[in-house]
Amino acid sequence: EVQLLESGGGLVQPGGSLRLSCAASGFTFSNYAMSWVRQAPGRGLEWVSALSGSATYIYYADSVKGRFTISRDNSKNTLYLQMNSLRAEDTAIYYCAKRGEARPASEAYFDYWGQGALVTVSS
Amino acid sequence: DIQMTQSPSSLSASVGDRVTITCRASQGITNYLAWYQQKPGKVPKVLIYGASTLQAGVPSRFSGSGSGTDFTLTISSLQPEDVATYYCQQYNSAPLTFGQGTKVEIK
């Protein structure tokens, strides 16, 4: 059974940093591109970043480029999102998501989602 | 960036009704479109990918169609458990983009 478990969310002041983790199990993690998708309170879904299985190819939404860094440790079956220079508009639930059918990381839909980690940016 | 526009933003229908949600892409995406269902307080769940392929385990009352720029999600007979917000997503190219969502309620 595929499981994705996010951790690391919390309350942070504007300008601060936070690192999210996503522990994966139930599939061969290194074979799959992974993404982070976020959802602001009461709002729709916004793709944030994607990373290929080998970590060779990395993609970011313009809204986070230069502030967020996606990475993975395939030996630990874990995906990360380092978030720096956080802003109020980054407040959201952050989901890690596994790509569906075999396609590049930049061209993926998502067949499994974690439960999400809430990040609140406020003073 | 490819913009995804859904309509309507919300709808109310009776149990057993046929419900249709449309999604339009700002440029052609062949059939690289997925539909998700998000029930209140829950995680999004994929219903359809490749515009018309039903994800395993999804009830057959859900169907998808379309290609290019215009796509449709149809619920053939609305059930109480279908109350949710539905999102389309293009995966033709990065940045991956979602529609704004369609909230489905029971009349």
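Refer to the structure above for everything that follows.
One structure accompanies this document, and this report is about it. Computed from a predicted model, the values in this text were never measured in an experiment. (Residues numbered from 1 in each chain as written. Chains lettered and ligands numbered in written order. Predicted model: local features only at pLDDT ≥ 70, side-chain atom pairs only at ≥ 80, totals over all residues. Heavy atoms only, no water.)

### Some points on the nonpolar core
Judged by nonpolar contacts, the single largest core of 27 residues is most densely connected at Leu-20, Trp-36, Phe-68, Leu-79, Leu-81, Met-83 and Tyr-94 of chain A. Of all the secondary-structure elements, those providing two or more residues to this core are β3 (18–25), β4 (34–39), β5 (45–51), β7 (68–73), β8 (78–83), β9 (92–99) and β11 (117–121) of chain A. Broken down by element, this core gets its largest block of residues, four residues, from β3 of chain A. Among the nonpolar cores identified, the runner-up in size contains 24 residues, and Leu-11, Phe-71, Ile-75 and Ala-84 of chain B belong to it. (Core = buried A, V, L, I, M, F, W, Y, C linked by side-chain atoms within 4.5 Å. Buried < 20%, exposed > 50% of the residue type's maximum accessible area, 1.4 Å probe, protein only. Helix = DSSP H or I, 4+ residues; strand = E, 2+ residues; numbered from the N terminus.)

### Some words on the interface of chain A and chain B
Residue-level contacts link 21 residues of chain A with 19 residues of chain B. At the boundary of chain A with chain B, the tally comes to seven residue pairs in polar contact (both at pLDDT 80 or more). When the residues that make up the side of chain A that touches chain B are grouped by side-chain class, the tally is 10 nonpolar, five polar and six charged. (Contact = heavy atoms within 4.5 Å. Polar contact = N/O pair within 3.5 Å; in protein donor to acceptor, adjacent residues only side chain to side chain. Nonpolar A, V, L, I, M, F, W, Y, C, P; charged D, E, K, R; others polar.)

### Quick word on the sheet that holds strand β1 (residues 4–7) of chain B
All names here are of chain B. Read from one edge of the open sheet, four strands run β1-β3-β8-β7, paired in antiparallel fashion. The sheet is open, and its two edges are formed by β1 and β7 (62–67), each paired on a single side. Neighbour-to-neighbour, the strand axes of the sheet open up by a mean angle of 15 degrees, direction not taken into account. Note: strand β3 (residues 19–25) against strand β8 (residues 70–75), six bridges, orientation antiparallel. The residue of β8 that forms the bridge with Cys-23 is Phe-71. (Pairing = 2+ DSSP bridges. Axes fitted to C-alpha atoms, helices over the stretch in contact; angles between N-to-C directions.)

### Some thoughts on unusual backbone geometry
Trans peptide bonds make up most of the peptide bonds, and negative phi angles are found at most residues other than glycine. Following Ser-7 of chain B, the chain continues to Pro-8 of chain B via a peptide bond in cis, the omega torsion being -5 degrees. Structurally, Pro-8 of chain B is set in the loop between β1 and β2 (10–13). Looking along the chain, the bond that leaves Ala-94 of chain B and enters Pro-95 of chain B is cis, with omega of 0 degrees. With respect to the helices, strands and loops of the structure, Pro-95 of chain B is situated in the loop between β9 (84–90) and β10 (97–98). In this model, Ala-55 of chain A sits at a positive phi of 70 degrees, which is unusual for a non-glycine residue. Checked against the element boundaries, Ala-55 of chain A lands in the loop between β5 and β6 (58–60). In this structure Ala-55 of chain A comes out as partly exposed when scored by relative accessible area, which is 34%.

### Some points on the environment of Val-121 of chain A
Residue and element names in this part refer to chain A. Note on placement: Val-121 falls in strand β11. For the pair Val-121 and Ala-88, spaced 33 residues apart in sequence, the C-alpha separation works out to 4.9 Å. Beyond its immediate stretch of four places on either side in the chain, Val-121 contacts Val-12, Gln-13, Pro-14, Leu-86, Arg-87, Ala-88, Asp-90 and Thr-91.

### A closer look at the state of the cysteines
Scanning the entire structure with this criterion turns up two disulfides over all chains. Sulfur-sulfur distance for the disulfide between Cys-22 of chain A and Cys-96 of chain A comes to 1.9 Å. Its S-S torsion of approximately 45 degrees makes the covalent link between Cys-22 of chain A and Cys-96 of chain A right-handed. Of this pair, Cys-22 of chain A sits in strand β3 while Cys-96 of chain A sits in strand β9; the two residues are 74 residues apart in sequence, bridging distant segments of the chain. Taking relative accessible area as the criterion, Cys-22 of chain A reaches 0% and is therefore assigned buried. In this model Cys-23 of chain B forms its disulfide with Cys-88 of chain B; the gap between the sulfur atoms is 2.1 Å. Note on the Cys-23 of chain B and Cys-88 of chain B pair: the S-S dihedral is about 70 degrees, so by sign convention the disulfide is right-handed. (Disulfide = S-S within 2.5 Å.)

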